[in-house]
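Structure at a glance
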Amino acid sequence: MKKFLKSVFPFLPAALYYGLIFYVSSRNVEFPLSLPGRHADKALHILEFAVLGWLLAFGFSRIKSLSPRNRAAAVLLTGAVLGILDEVHQSFVPGRHPDLWDIAADIVGIAFGYWVYRIPARFSRKPS
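Everything quoted here is computed from the prediction, not taken from an experiment. (Residues numbered from 1 in each chain as written. Predicted model: local features only at pLDDT ≥ 70, side-chain atom pairs only at ≥ 80, totals over all residues. Heavy atoms only, no water.)

**Section: helix α2 (residues 12–25)**
An ideal rise of 1.5 Å per residue puts 20 Å on 14 residues; α2 measures up with 20 Å between its terminal C-alpha atoms. For α2, the set of buried residues is Ala14, Tyr17, Tyr18, Ile21 and Ser25. Around the axis of α2, the buried residues are gathered within 100 degrees of arc, so they sit on the same side. In this structure, the buried residues of α2 make contact with α3 (41–61) and α4 (68–90). (Helix = DSSP H or I, 4+ residues; strand = E, 2+ residues; numbered from the N terminus. Expected span 1.5 Å × (residues − 1). Buried < 20%, exposed > 50% of the residue type's maximum accessible area, 1.4 Å probe, protein only. Arc of directions from axis to C-beta. Contact = heavy atoms within 4.5 Å.)

**Here's the deal with the side chain of arginine 71**
Looking at where arginine 71 falls in the secondary structure, it is placed in helix α4. Here arginine 71 is buried and forms no salt bridge, its nearest opposite-charge partner aspartate 106 lying at an N-O distance of 23 Å. A polar atom in the side chain of arginine 71 sits 2.7 Å from the backbone oxygen of leucine 66. Setting aside anything within four residues of it in sequence, one finds arginine 71 in contact with Phe60, Ser61, Ile63, Lys64 and Leu66. (Lys, Arg positive; Asp, Glu negative; His and termini not counted. Salt bridge = Lys/Arg side-chain N within 4 Å of Asp/Glu carboxyl O. Polar contact = N/O pair within 3.5 Å; in protein donor to acceptor, adjacent residues only side chain to side chain.)

**Re the environment of tyrosine 117**
Inspection of the secondary structure puts tyrosine 117 in helix α5 (residues 100–124). Judged by its relative accessible area of 18%, tyrosine 117 falls in the buried class. When residues no more than four places from it in sequence are discounted, the contact partners of tyrosine 117 are Trp54, Ala57, Phe58, Ser61 and Arg62. Polar contacts involving the side chain of tyrosine 117 include one to the side chain of arginine 62, which spans 3.4 Å.

**Re the packing of α4 against α5**
Look at α4 against α5: their axes get within 9 Å of each other, and the N-to-C directions meet at 150 degrees. Relative to α5, the element α4 is oriented roughly antiparallel. Of the two elements, α4 crosses α5, and the hand of that crossing is right-handed. Of the residues in α5, those touching α4 at Pro68, Ala72, Val75, Leu76, Gly79, Ala80, Gly83, Ile84 and Glu87 are Asp102, Ile103, Asp106, Ile107, Ile110, Ala111 and Tyr114. Here the residues of the contact of α4 with α5 sort into 11 nonpolar, two polar and three charged. (Axes fitted to C-alpha atoms, helices over the stretch in contact; angles between N-to-C directions. Parallel < 35°, antiparallel > 145°, perpendicular 65-115°, else oblique. Left-handed = near helix turned anticlockwise from the far one by under 90°. Nonpolar A, V, L, I, M, F, W, Y, C, P; charged D, E, K, R; others polar.)

**Some thoughts on the nonpolar core**
In terms of nonpolar packing, the biggest core is built from 17 residues, with Ile21, Leu52, Leu56, Val75 and Ile110 touching the most fellow members. For this core, the leading source of residues is α3, giving six residues. Sequence-distant contacts of isoleucine 110, that is, excluding residues within four places in its chain, are made with Phe49, Ala50, Leu52, Gly53, Leu56, Val75, Leu76 and Gly79. (Core = buried A, V, L, I, M, F, W, Y, C linked by side-chain atoms within 4.5 Å.)

**Digging into the side chain of serine 61**
Relative to the helices and strands, serine 61 is located in helix α3. Of note is the side chain of serine 61, whose polar atom sits 2.7 Å from the backbone oxygen of phenylalanine 58. Those residues within four positions of serine 61 in sequence are excluded, and the remaining contacts are Arg71 and Tyr117.

As structure tokens, this is what we get:
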């Protein structure tokens with residue numbers, strides 16, 4: 001049980017944050033900030049999912065058996081699935097509408113969050 005909790009605990013922040021995303025997606029409320037442009041909400045999707053990408057990167061970084069490439073793939077795949085689930089969920093919420101461009105923005109955000117998470121590792125490598 002202790003090993004299970006140790007492996008699940010690093011993903012708790014990402015799970016809680018996704019719960020917040022799910023809750024906000026279930027509300028039929030307008031975002032209080034009005035952004036200019038027809039697709040300005042995509043910037044919000046990118047920002048929202050960049051945080052999730054960072055949190056997923058944190059969780060997957062604790063799995064030492066994953067290679068860096070597989071770790072990146074796991075973050076991107078998990079984030080993409082969560083973005084898709086968010087849009088499917090919105091299709092059941094009155095006044096909300098799923099959008100493939102939102103999914104694309106979510107995936108860009110996940111990738112950006114992973115990239116930001118990896119920045120310190122790039123600078124901490126010792127020269128060969």
